[in-house]
Amino acid sequence: MTDLSAVPGTAGGAKKSSILEADARTRRRNAAEARFKVYGMLAVATGVLALILLLISILSNGLSSFRQTFVTFDVPLSAETLDPNGNRNPDEMSKVSTFGYSPLILNGLKEALSARGISVDEVPDADLANIISRAAAADLRDFVLANPQVVGETLSFEFLANGRIDGFFKGRVTYESAERDSNVTPDQLRVAEAMVAADLMETRFNWGFITGPDASGQRPESAGLGVAILGSFYMMLVVLVLTLPIGVAASIYLEEFAPKNRFTDLIEVNISNLAAVPSIVFGILGLAVFINFAGLPQSAPIVGGLVLTLMTLPTIIIATRASLKSVPPSIRQAALGVGASKMQSVFHHVLPLAAPGILTGTIIGLAQALGETAPLLLIGMVAFVREYPEGLPQGLFDPASALPVQVYQWTQRSDPAFVERASGAIIVLLVFLVLMNAVAVLLRRRFERRW
Amino acid sequence: MNDMRLTERNVTSSEIKISARQVDVFYGDTHAIKKVDVAIPDKTVTAFIGPSGCGKSTFLRCLNRMNDTIDGCRVTGDILLDGEDIYDKRVDPVQLRAKVGMVFQKPNPFPKSIYDNVAYGPRIHGLARGKQELDEIVEKSLRRAAIWDEVKDRLQAPGTGLSGGQQQRLCIARAVATSPEVLLMDEPCSALDPIATAQVEELIDELRERFSVVIVTHSMQQAARVSQKTAFFHLGELVEFGDTGQIFTTPKDPRTESYITGRIG
Ligand SMILES: Nc1ncnc2c1ncn2[C@@H]1O[C@H](COP(=O)(O)OP(=O)(O)OP(=O)(O)O)[C@@H](O)[C@H]1O
Ligand SMILES: [Mg+2]
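Residues numbered from 1 in each chain as written. Chains lettered and ligands numbered in written order. Predicted model: local features only at pLDDT ≥ 70, side-chain atom pairs only at ≥ 80, totals over all residues. Heavy atoms only, no water.

(A) Quick peek at the overall build of chain A. A tally of helices and strands in chain A yields 19 helices and three strands. Here the C-alpha radius of gyration of chain A, 32 Å, is well above what a compact globule of 451 residues would show, namely 22 Å. Taking the principal axes of the C-alpha coordinates as reference, chain A spans close to 120 × 60 × 35 Å. In chain A, which comprises 451 residues, the proportion classed as buried is 42%. Long-range pairs, those at least 24 residues apart, make up 78% of the contacts in chain A between residues at least 6 apart in sequence. Accessible surface for chain A amounts to roughly 23,600 Å². Of this, 63% is attributable to carbon and sulfur atoms. For chain A, the distance from the average site of its 36 positive side-chain charges to the average site of its 39 negative ones is 19 Å. (Helix = DSSP H or I, 4+ residues; strand = E, 2+ residues; numbered from the N terminus. Rg over C-alpha atoms; globule rule 2.2 N^0.38 Å. Buried < 20%, exposed > 50% of the residue type's maximum accessible area, 1.4 Å probe, protein only. Contact = heavy atoms within 4.5 Å. Areas by Shrake-Rupley, 256 points an atom, 1.4 Å probe, with all protein chains shown as cover. Lys, Arg positive; Asp, Glu negative; His and termini not counted. Charge placed at Lys NZ, Arg CZ, Asp CG, Glu CD.)

This is the structure:
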């Protein structure tokens, strides 16, 4: 009570100051704060800039891969060449190889060109045929063998244009570069331009890029992501089905039930370390355990899924434990206080509160697994696969590719058209990642009780 | 302390509900409770008073084995509930806690609806045979916790959306919903306004007809108002235990006297 009598302002002899003007100390503090804000904004700006550059580069390189140049004309399916015996038996017709089909396509093309008044006399037949994709003959043969009754008719077909011709319309190939390129001649480009003018050729959206299988290095125009997307999807299913129950059960046990002793400490440290192990190590492990020891087939989504599960588990366990930890202990006490068992308190109260965090962690883990390449290279997922895997569950054991591996493979190929396709594949991968994150946000919203 | 009104202390039962013998509690190396002997009678309100950190909450938690859930906490000695050792190996703490309910210092409603908060205990213990019976239990419990009128129109609203005092009364309703035999309350009124406090105190007095109530409080007036027995703790020791009237008027121990008159604490 004694200091009540002290006169304010006289203590320590300090002179009375106005709060209307900042003193030196306050000014220094404000300056420091302003500086820090600038650092922060610079850091954020750097990040945003990097992201924008990345997106621009990928989109500008890759968007064109979703469009493809197609050629449409009538092909006479002459019965003498395709079905010499004349009984429309697919088994006998399959003796005719793609070399039997190529002349038919060339004839059809020539006829279509002359009908439109495009003169191609100075262009050699081989160059003319090369305007069409090398995949055309095989596609036509598949179609005819599947529908033998069409032999003898003349049908309109749509073929992919050769990758170089396609590149011409996308700006990748020019008359000058064609002079130096042994794979394309300026004459071909001139014919192609005339075909576009005559409505024989057009560039439009190409579903084949998303649904079709991979193609060899000589026919980039027909390479698609279908097998890779399916393979990645199968692997994600394996990862989800395995990591969610195992990860959540392990986290709940470690967080809520396990005694705190040396042994559990050791496990805890090792889980954190495991999350930092380079992913290629998991690939070697998968090769040794799942393929060499357990005898599972190479390049199969099941093996990829198992390896990615091993890689993702630590991430999911860490995320799940963090979200379990963030549930206030008073909730557990409240449940125990009314006589709930440990198990009831966890499953009725703690887990629902932790669910949004667990889901987010799981989806982030899945997204990480979706983009992982290195371990898949080691278990043979780099194989060139054109066959779609079967439906589930047998499909898990069929050879398949994966999206990031497909990107890697395409960047290895020499034809420049594959650069565009690799960027396109990256766009597809990014779209999937964005979709997964959107699902994470939606699930969070759905499960989060705002009270 | 002259505004203290000492109500008549008719201890309705002389039967011992809980008896503790030579109880020691350690948190790791910290010796939090030292050789405590106490006999808590049935159908009585027993108040634990003492300065902060003296071990009131710790000892209270021993009575329903909530200390089991704290890492590094060790309890030795015997605590008997109706003559049975609650620390016996055969005792399931879950079953014990259904008999010995608890209200915590900080209100901790579940992040669920008001109705579900109260209905949770009866549900997991199978106390209600149907929806109607459950509704009745919920209403009765909320009425006894003096909160029914405030929440009867919004039973499906979240329990965490109530004010601090309302939350605490909700927690009391949740605790009485399971019809425990003993109700432990750790400073149940520390977040309540005087009116709600009076209501809770009334409730405590009412609960005494059926249960044995143990209440930790920092308010000596409250101890004097609601309790029939008072235990004074100091530095982990039970200094004095006796009828509330006697503790507040003629304490035997000088430490009790100085605490009650406001010299330590
Ligand atoms: N979980 C714990 N771990 C370690 N020590 C603890 C723990 N809980 C309490 N203690 C210690 O035990 C002693 C008694 O604590 P307790 O909470 O029982 O005091 P209290 O009498 O309830 O105090 P208050 O009136 O402030 O609530 C204190 O010294 C405290 O530091
Ligand atoms: Mg306390």
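After that view, the rundown keeps rolling.
(B) Focus on the overall build of chain B. Scanning chain B from terminus to terminus reveals 10 helices and 10 strands. Its C-alpha atoms give chain B a radius of gyration of 18 Å, within 12% of the compact-globule value 18 Å for 265 residues. Reported as C-alpha extents along the three principal axes, the dimensions of chain B are approximately 55 × 45 × 35 Å. When the 265 residues of chain B are sorted by exposure, 56% land in the buried category. Contacts in chain B between residues at least 24 apart in sequence constitute 67% of all its contacts with a sequence separation of at least 6. Carbon and sulfur atoms make up 47% of the accessible area of chain B, which totals about 11,500 Å². Side chains of chain B carry 34 positive and 37 negative charges; the gap between the two charge centres is 2 Å.

(C) Representation of the environment of V227(A) within the structure. Mapped onto the fold, V227(A) is located in helix 11 (residues 226–257). Once residues lying within four places of it in the same chain are set aside, the contact partners of V227(A) are G212(A), P213(A), V385(A), R386(A), E387(A), Y388(A), P389(A), A400(A) and S401(A).

(D) Fine view of the sheet that holds strand 1 (residues 16–27) of chain B. Residues and elements named next belong to chain B. A sheet is described by the order of its strands in space; here four strands give the open sequence 2-1-4-5, paired in antiparallel fashion. Since the sheet does not close on itself, it has two edges, and those belong to strand 2 (30–41) and strand 5 (84–85), each with one partner. Pairing of strand 4 (residues 73–81) with strand 5, which is carried by two bridges, proceeds in the antiparallel orientation. Looking across to strand 5, one finds that L81 is bridged to E84. (Pairing = 2+ DSSP bridges.)

(E) Quick peek at the side chain of R321(A). Tracing the sequence through the fold places R321(A) in helix 14 (residues 301–325). Excluding residues that lie within four positions of it along the chain, R321(A) makes contacts with S251(A), L254(A), E255(A) and E268(A).

(F) Here's a closer look at the sheet that holds strand 2 (residues 154–160) of chain A. All names here are of chain A. Across the sheet, which stays open at both edges, the three strands sit in the order 2-1-3 with antiparallel pairing between neighbours. The sheet is open, and its two borders are formed by strand 2 and strand 3 (201–205), each paired with just one other strand. On average, each strand axis in the sheet is tilted by 35° relative to the strand beside it, whichever way the strands run. (Axes fitted to C-alpha atoms, helices over the stretch in contact; angles between N-to-C directions.)

(G) Layout of the interface of chain B and chain A. Taken residue by residue, the interface counts 23 residues in chain B and 18 residues in chain A. Between chain B and chain A lies a buried interface of about 1,800 Å² when both sides are counted; carbon and sulfur atoms form 65% of it. Area buried by chain B at its contact with chain A is led by F110(B), P111(B) and Y120(B), which between them contribute 28% of it. At the junction of chain B and chain A, the tally comes to zero salt bridges. For the pair chain B and chain A, the interface holds five residue pairs in polar contact (both at pLDDT 80 or more). Of all the secondary-structure elements, those providing two or more residues to the side of chain B that touches chain A are helix 2 (93–99), strand 6 (100–103) and helix 3 (114–124) of chain B. (Buried area = accessible area lost by both parts, 1.4 Å probe. Salt bridge = Lys/Arg side-chain N within 4 Å of Asp/Glu carboxyl O. Polar contact = N/O pair within 3.5 Å; in protein donor to acceptor, adjacent residues only side chain to side chain.)

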